Amino acid sequence: MSNDPDIPFVDEQVATLPTEMREDLAERGRNDLYFFAKGILGYRDMAPGCHRPACRFLDSNPAQFKLILWPRAHFKSSAGTVAGTLQKVVRNVEGRNLIRNEIATNAQRFLRTIKTHAEGNRIFRALYPEVIPKDYRKVRWNDSELDFLRSGHYPEPTISAAGVTSTSTSQHFTHITDDDPISEEAVKSELVMAEAINRIKSVDALMVDPEVDTHWLIGTRWSFADTYSWYEKTFKNRMARFIRGAIEEGQPIFPERFSLAKLAQIRDTVGEYRWSCNYMNNPRNVEVQDLNV
């Protein structure tokens, strides 16, 4: 990898490193999602105890389908959706990636964040100049589609953003991330929940090669019978799961941001059922149980 003089807005300290050192840093970013997210993209608040195991799971677990359930406000989207998708671009710029959310504008926010890194993150630009378009006006470069610099010609951009219910079946992708495909509204409506599940069911049909292309389902639990529960029951041996609660073995998994006192305050505010779903990823409503399990 050489220092490309046509790529402006790069970190000079990184750009002027010896070529071998720059290449080592770039390669580490391709293979170490925690390093990529924290060291290259600049998510400084990520912590090794909370985020490194999840990043290692996304990096190295070979399963084609992955379920990642993280507590609310624990940076699941920053690490898994934004950093994870952009890492896939620098691993294989010829790939076609889809980010979906229950609401299309939320998926577009993730894409705008990726777009901001590509345009203005000087460390990223210094390490991966080979994927940066030379002229954004000549490629698809907006809040719904991003074309990075690639040699192939495809109907789909490098990264697309869409709502779960709006993806065209005529498009095909090498990787799909569904980030929070449901919310409390889906829990309140059987029709909305069923529609979300139907869209996840069709994920194979959206893949370029259903035998090898990958799918990540990232979110937090909402009920006993939500999309994530269906996903676990349906994909079974085809999938791997990474599930964490905000408190494990009596201690917060992200003490740098959430102390036990703060988590207790949240628990009192949201109630037992919401706490068990959104923060512990283990739905159980102690308020209606005859026997408190």
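Above this note sits the structure.
If you're wondering where the values come from, they're calculated on a predicted model, not measured in any experiment.

Caption draft 1: Just the environment of G29, in detail. Along the chain, the position of G29 falls in helix α2 (residues 19–31). Overall, G29 belongs to the buried group, its relative accessible area being 0%. When sequence neighbours within four positions are dropped, the list of residues in contact with G29 reads F35, F36, I40, Q87 and Y128.

Caption draft 2: Focus on the pattern of salt bridges. Enumeration over the complete set of coordinates arrives at 20 salt bridges. Taking the shortest distance from any N to any O, the salt bridge between D45 and R257 comes out at 3.0 Å. Pair noted here: D45 is in the loop between α3 (33–40) and α4 (48–60) and R257 is in the loop between β9 (251–252) and α11 (260–270), with a separation of 212 residues, a long-range link. Residue R96 is joined to E156 by a salt bridge in which the shortest nitrogen-to-oxygen separation is 3.7 Å. Residue R96 is found in the loop between α5 (76–91) and β2 (97–101), and its partner E156 is found in the loop between β3 (145–146) and β4 (159–163); the two are separated by 60 residues along the sequence. Looking at E156, the relative accessible area reads 4%, which means it is buried. Each of E27, R30 and E130 takes part in a single network of salt bridges with overlapping partners.

Caption draft 3: Layout of the packing of aromatic side chains. One pass over the full model with this rule turns up 13 aromatic pairs. Here the aromatic rings of Y136 and W141 are separated by 4.6 Å at their centres, their planes lie at 25°, and the arrangement is stacked. Accessibility expressed as a relative area gives 12% for W141, which makes it buried. Arranged with centres 6.0 Å apart and planes meeting at 85°, the rings of W230 and F235 form a pair that is edge-to-face. Judged by relative accessible area, which is 17%, W230 ranks as buried. An aromatic cluster is built from F65, W230, Y231 and F235, whose rings are joined through pairwise contacts. The lysine or arginine in question, K66, covers the ring of F57, its NZ or CZ lying 5.5 Å from the ring centre.

Caption draft 4: Examining the sheet that holds β3 more closely. Spatial ordering of the open sheet is given by β3-β4-β2-β5-β6-β1-β7, a layout of seven strands whose pairing is mixed. Either end of the sheet is taken by a strand with one partner, and the two such strands are β3 and β7 (239–243).

Rules of the game
- Residues numbered from 1 in each chain as written.
- Predicted model: local features only at pLDDT ≥ 70, side-chain atom pairs only at ≥ 80, totals over all residues.
- Heavy atoms only, no water.
- Helix = DSSP H or I, 4+ residues; strand = E, 2+ residues; numbered from the N terminus.
- Buried < 20%, exposed > 50% of the residue type's maximum accessible area, 1.4 Å probe, protein only.
- Contact = heavy atoms within 4.5 Å.
- Salt bridge = Lys/Arg side-chain N within 4 Å of Asp/Glu carboxyl O.
- Phe/Tyr/Trp six-rings, centres within 6.5 Å; stacked < 30°, edge-to-face > 60°.
- Lys NZ or Arg CZ within 6 Å of the ring centre and 35° of its normal.
- Pairing = 2+ DSSP bridges.

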